[in-house]
Amino acid sequence: MPAADFDVERVVCRESELGSGGVRAFTIGAGDWPLRGLVVRVGATVRGYVNRCPHAGHPLNLLPDRFLTPDGALLLCSSHGALFEKLTGYCVAGPCPGRALTPVPLEVRSGFVMVADGVDVAALSEWEKIA
Ligand code: FES
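Every value quoted in this text rests on a predicted model; they were computed, and no experiment measured them.

Reading the values: the criteria
- Residues numbered from 1 in each chain as written.
- Predicted model: local features only at pLDDT ≥ 70, side-chain atom pairs only at ≥ 80, totals over all residues.
- Heavy atoms only, no water.
- Helix = DSSP H or I, 4+ residues; strand = E, 2+ residues; numbered from the N terminus.
- Buried < 20%, exposed > 50% of the residue type's maximum accessible area, 1.4 Å probe, protein only.
- Contact = heavy atoms within 4.5 Å.
- Areas by Shrake-Rupley, 256 points an atom, 1.4 Å probe, with all protein chains shown as cover.
- Lys, Arg positive; Asp, Glu negative; His and termini not counted.
- Charge placed at Lys NZ, Arg CZ, Asp CG, Glu CD.
- Pairing = 2+ DSSP bridges.
- Axes fitted to C-alpha atoms, helices over the stretch in contact; angles between N-to-C directions.
- Core = buried A, V, L, I, M, F, W, Y, C linked by side-chain atoms within 4.5 Å.
- Disulfide = S-S within 2.5 Å.

### Points about the overall build of the protein chain
Thinking step 1. For the protein chain, the count of helices and strands is 1 helix and 9 strands.
Thinking step 2. Helices and strands in the protein chain line up, N terminus first, as β-β-β-β-β-β-β-β-β-α.
Thinking step 3. Across its three principal axes, the protein chain shows a C-alpha extent of roughly 50 × 30 × 25 Å.
Thinking step 4. Within the protein chain, buried positions represent 39% of all 131 residues.
Thinking step 5. Partitioning the intrachain contacts of the protein chain with sequence separation of at least 6 by distance along the chain shows that 45% fall at a separation of at least 24.
Thinking step 6. Of the roughly 7100 Å² that the protein chain leaves accessible, carbon and sulfur atoms contribute 54%.
Thinking step 7. The positive charge centre, built from 12 side chains, and the negative charge centre, built from 14, are 5 Å apart in the protein chain.

Put into structure tokens, the structure is as follows:
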């Protein structure tokens, strides 16, 4: 079997695993503070964010992979209803307008969605812990 041309520990999911809504949670890293994020399809690209709302620090979803408004247009924080643009992560309504989700740069290679080279996963995980 040929060696993968990328670090498999940075793989978020297969691109084909993005369901009909095009969004899912992911966890990267080990230990007590792995990076917990979400990946969302936006047109022909994907965006990733730390799964932590800038309002009160809660995860956006209460149920597995439930991150979208009913029409699928925006990301929704289930705690207090903040709404975020999928493309930018900016809050457009709710209790934290003008703030934004923390981006996790992603790339797609060979059908896999992965955290982009050069991204410090540990630092993003640490941010999740202390922010
Ligand atoms: S924690 Fe997300 S809207 Fe309050």
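That was the structure; now back to the text.
### Section: the sheet that holds strand E8 (residues 106-109)
Where strands meet in a sheet, backbone hydrogen bonds hold them as pairs that are either parallel or antiparallel.
Thinking step 1. In spatial order, the strands read E1-E9-E8; together these 3 strands make up an open sheet with antiparallel pairing. The open sheet is flanked by strand E1 (11-14) and E8, the only strands paired with a single partner. Recorded for the sheet is a direction-independent mean angle of 25 degrees between the axes of neighbouring strands.

### Observations concerning the nonpolar core
Thinking step 1. By size, the foremost hydrophobic cluster in this structure holds 17 residues, and its most contacted members are Val-12, Leu-35, Val-39, Val-104, Leu-106 and Val-115.
Thinking step 2. Elements that contribute at least two residues to this core include exactly E1, strand E2 (23-28), strand E3 (35-42), strand E4 (45-50), strand E9 (112-115) and helix H1 (121-130).
Thinking step 3. Setting aside its immediate chain neighbours within four residues, Val-104 contacts Phe-26, Leu-35, Gly-48, Tyr-49, Val-50, Val-115 and Leu-124.
Thinking step 4. Counting residues in each nonpolar core, the second largest holds 16 residues, with Val-23, Val-40, Phe-84 and Cys-96 among its members.

### Quick look at the state of the cysteines
Thinking step 1. What the rule picks out here adds up to 0 disulfides.
Thinking step 2. Cys-96 forms no disulfide, and the closest cysteine sulfur to it belongs to Cys-91, at a distance of 3.7 Å.
Thinking step 3. Residue class for Cys-96 comes out buried when judged on its relative accessible area of 4%.

### A word on the pairing of E8
Thinking step 1. As paired strands, E8 and E9 are joined by 4 bridges and run antiparallel to one another. Across the sheet, Arg-109 pairs through a bridge with Phe-112, a residue of E9.
Thinking step 2. Connecting E8 to the next strand, E9, in antiparallel fashion are 2 residues, including Ser-110 with a positive phi near 50 degrees.

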